[in-house]
Amino acid sequence: MGFVKEWIELVVQCISTLLYSSKRFTSIPLKPSRGIRQGDPLSPYMFILCSEVLTNALNQSEQKGLISGFPITKGSLSVNHLFFSDDSLVFCKAQLQEWNRLHNIISLYESTSGQRLNLEKSSIFFSKNTRQEIQNSILSTAGIKASGPFERYLGLPSYIGKSKSRAFFPILDRIKVQMSNWKTNLLSPASKEVLLKSVIQSIPTYCMGIFLIPKGILRNINKLMQSFWWGIKKNQNSKMHWLNWKGLGKGKQVGGLGFRDFEDFNKALLAKQGWRIITNTQSLASRVLKAKYFPSTDFFSDRWLSIPTSYKSQSPPKVLSPEATVNSLIDQDSYSWNLHLVQNVFTPEEAAIISRIHVSPCNINDKQVLKLVSTSITDLEELERNQQKTSSQIQRTARWCKPPNNFYKLNWDAAIDKAKCRVGIGVSIRDRLGLVTATLISPCNSFPDPLLGEALAALRTVQFGIELGLKYIIFEGDSKQVVHGINGAAEDWSTVGLIYQDIKKLLGTYLSWSVCHVPRQANTVAHCLAKSSLDLSEDSIHVEDYPQYIHSYLI
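Worth saying up front: this structure is predicted, and the values here are computed from it rather than measured.

A. Summary view of the overall build of the protein chain. What the protein chain contains, in helices and strands, is 20 helices and 18 strands. Considering the protein chain as a whole, with its 555 residues, one finds that 35% of them fall into the buried category. Per element, the accessible surface of the protein chain, about 34,800 Å² overall, is 55% carbon and sulfur.

B. Looking closely at the nonpolar core. Counting 33 residues, the largest nonpolar core has W412, F475, I486, I503 and L507 as its most contacted members. Those elements that place two or more of their residues in this core are β13 (408-417), β14 (422-430), β15 (436-445), α17 (450-467), β16 (472-477), α18 (480-487) and α19 (495-507). Setting aside anything within four residues of it in sequence, one finds I486 in contact with A458, Y500, I503, K504, L507 and V515. In terms of nonpolar packing, the next biggest core, distinct from the first, is built from 15 residues, C50, L58, I105 and I138 among them.

C. Spatial organisation of the packing of aromatic side chains. Scanning the model with the defined rule gives six aromatic pairs in all. Taking 5.8 Å as the distance between ring centres and 45 degrees as the angle between the ring planes, the aromatic pair formed by F70 and F91 counts as tilted. Here F70 is found in strand β3 (residues 70-73), whereas its partner F91 is found in the loop between β6 (87-90) and α3 (96-113), with 21 residues between them in sequence. The class of F91 is partly exposed, set by a relative accessible area of 24%. Ring geometry for W304 versus F346: centroids 6.2 Å apart, planes at 70 degrees, classification edge-to-face. With W304 in the loop between α11 (284-293) and β11 (330-331) and F346 in the loop between α12 (339-345) and α13 (348-355), this residue pair connects regions lying 42 residues apart in the sequence. Residue classification places W304 among the partly exposed residues on the basis of a relative accessible area of 28%. Look at F346 and you get buried, because its relative accessible area is 10%. Residue placement shows R430 over the ring face of W400; its charged tip is 3.8 Å from the ring centre.

D. Geometry of helix α2 (residues 43-63). With 21 residues, α2 should cover 30 Å at 1.5 Å per step; its first-to-last C-alpha distance of 30 Å lies within 8% of that length. Buried positions along α2 lie against α1 (5-16), β5 (81-84), β6 and α3. Downstream of α2 by a residue or two, G65 has a phi angle that is positive, lying close to 85 degrees.

E. Seen up close, the side chain of S446. Its location among the elements puts S446 in the loop between β15 and α17. In this structure, S446 is in contact with R356, C421, R422, V423, L452 and L456, ignoring residues within four places of it in sequence.

F. Structural detail: the pairing of β15. Taking burial as the measure, the ten residues of β15 include eight buried ones, the bulk of the element. As paired strands, β14 and β15 are joined by nine bridges and run antiparallel to one another. Counterpart to S428 in the pairing with β15 is T439. Note that β15 and strand β18 (residues 540-543) share four bridges and pair antiparallel. Bridge pairing in β18 places T439 opposite H542.

G. Molecular detail of the sheet that holds β14. Pairing in this open sheet of six strands is mixed, and the strands run β17-β16-β13-β14-β15-β18 from one edge to the other. Both outer strands of the open sheet, β17 (512-517) and β18, are each paired with one neighbouring strand and no more. Taken over all neighbouring pairs, the strand axes of this sheet differ in orientation by 15 degrees on average, direction set aside. By the bridge criterion, nine bridges tie β13 to β14 in an arrangement that is antiparallel. Following the sheet pairing, K409 is matched in β14 by R430.

H. Quick look at a nonpolar patch on the surface. Together, M1, F3, V4, W7, I8, V12 and V53 give the surface a local cluster of nonpolar side chains, amounting to about 640 Å² of exposed area. By residue number, the principal contributor to the nonpolar patch is α1, which donates three residues.

I. Layout of the pairing of β13. Of all ten residues in β13, eight are buried; the element is thus mostly enclosed. Two elements, β13 and β16, share five bridges in a ladder whose sense is parallel. Opposite W412, over in β16, you have G477 as the bridge partner. Hairpin connection, β13 to β14: the antiparallel pair is bridged by four residues, and C421 has positive phi, about 55 degrees.

J. Region of interest: the environment of W337. Looking at the element boundaries, W337 is found in strand β12 (residues 336-337). Assessed through its relative accessible area of 12%, W337 is described here as buried. In this structure, the C-alpha to C-alpha distance between W337 and V326, residues eleven residues apart in sequence, is 9.9 Å. Those residues in contact with W337 that lie beyond four places of it in its chain are W304, V326, L329, I330, V342, I354, S355, I357 and V359. Side-chain polar atoms of W337 contact the backbone oxygen of I354, separated by 3.0 Å.

K. Molecular detail of unusual backbone geometry. One non-glycine residue, V319, lies in the positive phi region at around 65 degrees. By the element assignment, V319 lies in the loop between α11 and β11.

L. Quick look at the pattern of salt bridges. Using the criterion set out here, one finds six salt bridges in the structure. For E133, the salt bridge identified is with R131, shortest N-O distance 2.8 Å. Residues D478 and R520 are paired through a salt bridge, measuring 2.8 Å at the closest nitrogen-oxygen approach. One end of the pair, D478, is in the loop between β16 and α18; the other, R520, is in the loop between β17 and α20 (524-533), and 42 residues separate them in sequence.

M. Here's a closer look at the packing of α3 against helix α4 (residues 132-142). Remark: α3 packs on α4, axes separated minimally by 10 Å, with the N-to-C direction vectors making an angle of 25 degrees. In terms of axis orientation, α3 runs roughly parallel to α4. Crossing hand, α3 versus α4: right-handed. For the pair α3 and α4, the contacting residues are L96, W99 and N100 in the first and S137, I138, T141 and A142 in the second. Classifying every residue of the contact of α3 with α4 gives four nonpolar, three polar and no charged.

Rules behind the numbers
Residues numbered from 1 in each chain as written. Predicted model: local features only at pLDDT ≥ 70, side-chain atom pairs only at ≥ 80, totals over all residues. Heavy atoms only, no water. Helix = DSSP H or I, 4+ residues; strand = E, 2+ residues; numbered from the N terminus. Buried < 20%, exposed > 50% of the residue type's maximum accessible area, 1.4 Å probe, protein only. Areas by Shrake-Rupley, 256 points an atom, 1.4 Å probe, with all protein chains shown as cover. Core = buried A, V, L, I, M, F, W, Y, C linked by side-chain atoms within 4.5 Å. Contact = heavy atoms within 4.5 Å. Phe/Tyr/Trp six-rings, centres within 6.5 Å; stacked < 30°, edge-to-face > 60°. Lys NZ or Arg CZ within 6 Å of the ring centre and 35° of its normal. Expected span 1.5 Å × (residues − 1). Pairing = 2+ DSSP bridges. Axes fitted to C-alpha atoms, helices over the stretch in contact; angles between N-to-C directions. Patch = residues over 30% accessible without salt bridge, like charges linked within 9 Å, V, L, I, M, F, W, Y side chains within 5 Å. Salt bridge = Lys/Arg side-chain N within 4 Å of Asp/Glu carboxyl O. Polar contact = N/O pair within 3.5 Å; in protein donor to acceptor, adjacent residues only side chain to side chain. Parallel < 35°, antiparallel > 145°, perpendicular 65-115°, else oblique. Left-handed = near helix turned anticlockwise from the far one by under 90°. Nonpolar A, V, L, I, M, F, W, Y, C, P; charged D, E, K, R; others polar.

What follows is the structure, given as structure tokens:
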């Protein structure tokens, strides 16, 4: 497996020289005769390493044509084994010759690893097309019993045919047994709540983590839960206030009891599996599901525009080929949208939306992100206001301060025009004497989100300093959230978080830098520049000069 000799010798010593001591007889060390045992801290790691050896042996045998894996689709993907903890599923053709080869691989693994196949707990499952004489021949040679289609593994069906509902009927039966038990009548309402959650709800929950349970089964489970709860209500004091079943499904923090609606819960688990397929494309589960259900397409293809509900472009293909990707719409020199091409390819509405999407100037790789919660602009504005109220005393006394020797101070701010979907960016650069050495006024098309606007303004400020060749910098902005995002180490894959990544990467260009939060009163020059930029159509840069309308703010 590629481990160096010294590492292998260390592991061998750990396995062969260990001693155990008993709590009752601490003075008498025990030397195991068969190496480390279950419960030893090293045991799980050694078990995984041994399993990898078996995996490699099975894969190499399939590559050489000695055994045949289970084909997922014609010629594209096959699976020769699945491991779950210390349980294994191994696949091969129903031929005596292949079974003998498989048996030799397992026997070799047993002799080298010290692990042994438990014949009493093992079984062979044959497909319905396997002739009986072949089944008898393999079973007599293997010394293992045959497995039927109705056997269960960990309480779940080991085989699911065309009738999925029939396979999961036992789940309903188990729930009914739990509910009809005479002992449940002796429980208090609080105890019955615990019974519903910890016992009854755990049965289908465990299954849903593994199988796609039919909707009919899920609805029946919900009905059983409701009938059980109604039975509790019926037997209690009528003066007591009871929530309806829908209300009980809410969390306790909002007045409910946290019962699960299994249809909704199943959708959540399916969404989670779907997200794993999207983000972990090389996993076995992702490759199997793709090969079987969408071999020539993508699970979540072409959804890249913020246009509910399709999130896809509806423009007819023109100029570019139908197979063209988003990358072809980006100018690779400036890492910005090729607006002329975008306007030729898409409708005016879609072109406007595309032009507002941020493109990383650092050429960072794309990453798909699941957006769960969207904070409205109104909420943010009520928050970028509450902060102002709580710090009003500080703002009344705050003043802009000069930077130390050899440093320049860059202040940034953003202004928002909701009606025109524009962000105005203002940047001022001042030296150690407080003199303005440069200003930037930059309008840009963007989604009218205050936090996004502040992040874009911070990014443009960092770029502006690099363009002027500055090396010792203090950056100041009045958005506490953006400053914390730039200085923080936590991963943030939101749109604003990706801008923070760009900023952090560009900051490495400077010899010395810091990003600080200041109150609005200490950032008035940048604020004035940002508001004025909303009336412009392109960038306006002043070097060794500044717009006269900011003169009064410099005093």
